[in-house]
Amino acid sequence: HSPELVELLKEAAAREKLRVGFVATDVTGARSDFAPFLWSGRPALFLSSSEHPDYHRPSDVPERVQWDEYHARTRLTARVLSA
């Protein structure tokens, strides 16, 4: 819903050497905090690391976090927010 934010995200992802995918809100629905922004016509992004076999299960424990990727995603988010 925001071509400008998508471009910022693509540029930030390239700098962090992260692969990003895009899905429309008809796929994700309005299931997160971004929904009120969309409803009011403000640009919004929903950033997610996507689901995995341990998502929302007892086996989804901190020891499974891939810290290098986590830090790269955090830097990506900071780049988009500070642009």
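Above this text is the structure in question.
Residues numbered from 1 in each chain as written. Predicted model: local features only at pLDDT ≥ 70, side-chain atom pairs only at ≥ 80, totals over all residues. Heavy atoms only, no water.

### Here's the deal with the packing of aromatic side chains
- Evaluated as defined, the whole model comprises one aromatic pair.
- Consider the rings of Trp67 and Tyr70, whose centres lie 5.2 Å apart with planes at 75 degrees: the pair is edge-to-face. Residue Trp67 and its partner Tyr70 are both found in helix H4 (residues 67–82); the two are separated by three residues, about one turn of the helix.
- Among the residues examined, Trp67 registers a relative accessible area of 46% and is labelled partly exposed.
- Taking relative accessible area as the criterion, Tyr70 reaches 45% and is therefore assigned partly exposed. (Phe/Tyr/Trp six-rings, centres within 6.5 Å; stacked < 30°, edge-to-face > 60°. Helix = DSSP H or I, 4+ residues; strand = E, 2+ residues; numbered from the N terminus. Buried < 20%, exposed > 50% of the residue type's maximum accessible area, 1.4 Å probe, protein only.)

### Looking at H4
- Spanning 16 residues, H4 covers 22 Å between terminal C-alpha atoms, matching the ideal 22 Å at 1.5 Å per step.
- All of the buried residues in H4 are Ala72, Leu76 and Val80. Seen from one end, H4 has its buried residues packed into an arc of 75 degrees, which puts them on one side. Exposed side of H4, more than 90 degrees from the buried face: Leu81 and Ser82 are the residues found there.
- Buried residues along H4 sit against helix H1 (3–16). (Expected span 1.5 Å × (residues − 1). Arc of directions from axis to C-beta. Contact = heavy atoms within 4.5 Å.)

### Focus on the environment of Val80
- Within the secondary structure, Val80 sits in helix H4.
- Val80 sits in the buried class, given a relative accessible area of 11%.
- When the C-alpha positions of Val80 and Ala13 are compared, they lie 9.4 Å apart, and in sequence the two are 67 residues distant.
- Setting aside anything within four residues of it in sequence, one finds Val80 in contact with Leu8, Leu9, Ala12 and Leu45.

### Some points on the pattern of salt bridges
- Counting across every chain of the model gives five salt bridges.
- The partner of Arg79 in a salt bridge is Glu16, and the shortest N-O contact between them spans 2.9 Å. Pair noted here: Arg79 is in helix H4 and Glu16 is in helix H1, with a separation of 63 residues, a long-range link.
- The exposure class of Arg79 is partly exposed, given its relative accessible area of 32%. (Salt bridge = Lys/Arg side-chain N within 4 Å of Asp/Glu carboxyl O.)

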